[in-house]
Amino acid sequence: MQSNIKNLKELLKKAFLFHQQNNFEKAKLLYEVVIKYDKNNYEALNLLGAIKLQERNYYEAIENKIDSLKQLIKDTPSMTEAARIQERIVRLSSGVAVI
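Residues numbered from 1 in each chain as written. Predicted model: local features only at pLDDT ≥ 70, side-chain atom pairs only at ≥ 80, totals over all residues. Heavy atoms only, no water.

A.B. asks: What is the right way to read the overall build of the protein from this model?
C.D. replies: Helix and strand counts for the protein stand at five helices and zero strands. Taken from the N to the C terminus, the helices and strands of the protein come in the order α-α-α-α-α. The burial tally for the protein puts 31% of its 99 residues in the buried class. Within the protein, contacts between residues separated by at least 24 positions form 38% of all contacts whose residues are at least 6 apart in sequence. Total accessible area computed for the protein in this model is approximately 6800 Å², and 55% of it derives from carbon and sulfur atoms. (Helix = DSSP H or I, 4+ residues; strand = E, 2+ residues; numbered from the N terminus. Buried < 20%, exposed > 50% of the residue type's maximum accessible area, 1.4 Å probe, protein only. Contact = heavy atoms within 4.5 Å. Areas by Shrake-Rupley, 256 points an atom, 1.4 Å probe, with all protein chains shown as cover.)

A.B. asks: Explain the nonpolar core to me, please; I cannot follow it from the model alone.
C.D. replies: In a soluble, globular protein the nonpolar side chains are often hidden away together inside. By size, the foremost hydrophobic cluster in this structure holds 14 residues, and its most contacted members are Leu12, Tyr31, Val34, Ile35, Ala44 and Ile51. Those elements that place two or more of their residues in this core are helix 1 (2-20), helix 2 (24-37) and helix 3 (42-54). Sorting elements by how many residues they give to this core places helix 2 first, with six residues. Here Ile51 is in contact with His19, Phe24, Ala27, Lys28 and Tyr31, once residues within four sequence places are set aside. The next biggest cluster of nonpolar side chains, apart from the first, holds five residues, and it includes Ile62, Leu69, Ile85 and Ile89. (Core = buried A, V, L, I, M, F, W, Y, C linked by side-chain atoms within 4.5 Å.)

A.B. asks: When you look at the layout of surface pockets in this model, what are you seeing that I'm missing?
C.D. replies: Space left empty within the atom packing is revealed by a probe, the size of a water molecule, rolled over the atoms. Roughly 210 Å³ of volume is contained in the largest pocket. What lines the largest pocket is a set of 11 residues, and nearest its centre among them are Ile5, Leu8, Lys9, Asp38 and Asn41. Elements represented by at least two residues in the lining of the largest pocket include exactly helix 1 and helix 3. For the lining of the largest pocket, the element with the highest residue contribution is helix 1, accounting for five residues. Among the residues making up the lining of the largest pocket, the classes are represented as six nonpolar, two polar and three charged. (1 Å grid on protein atoms, 1.4 Å probe; cavity = no way out; pocket = protein on both sides within 12 Å on 5 of 7 lines; lining within 4 Å. Points joined across faces, edges and corners; volume = space filled by probe spheres on them. Nonpolar A, V, L, I, M, F, W, Y, C, P; charged D, E, K, R; others polar.)

What follows is the structure, encoded as structure tokens:
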């Protein structure tokens, strides 16, 4: 189990390097692999959403951002911070309805 977590972290690092180099196809592929094995990975969801935004795929970008924020709520011990994140989700969801 520990080696699987380490492997996912390495994949995430590689994906981020591709992302920084504007090699979005390779970055997306690796982010998607991370999400396949860890569907609640905040970083992979958030960064995949960033690529979708850069590609002007706004609907999917917002969906990824909402998914990442939902995960962040689960990982946030503070109720105040969780409430702020929930508010962001509601605002983003409103934007999706408009698209």
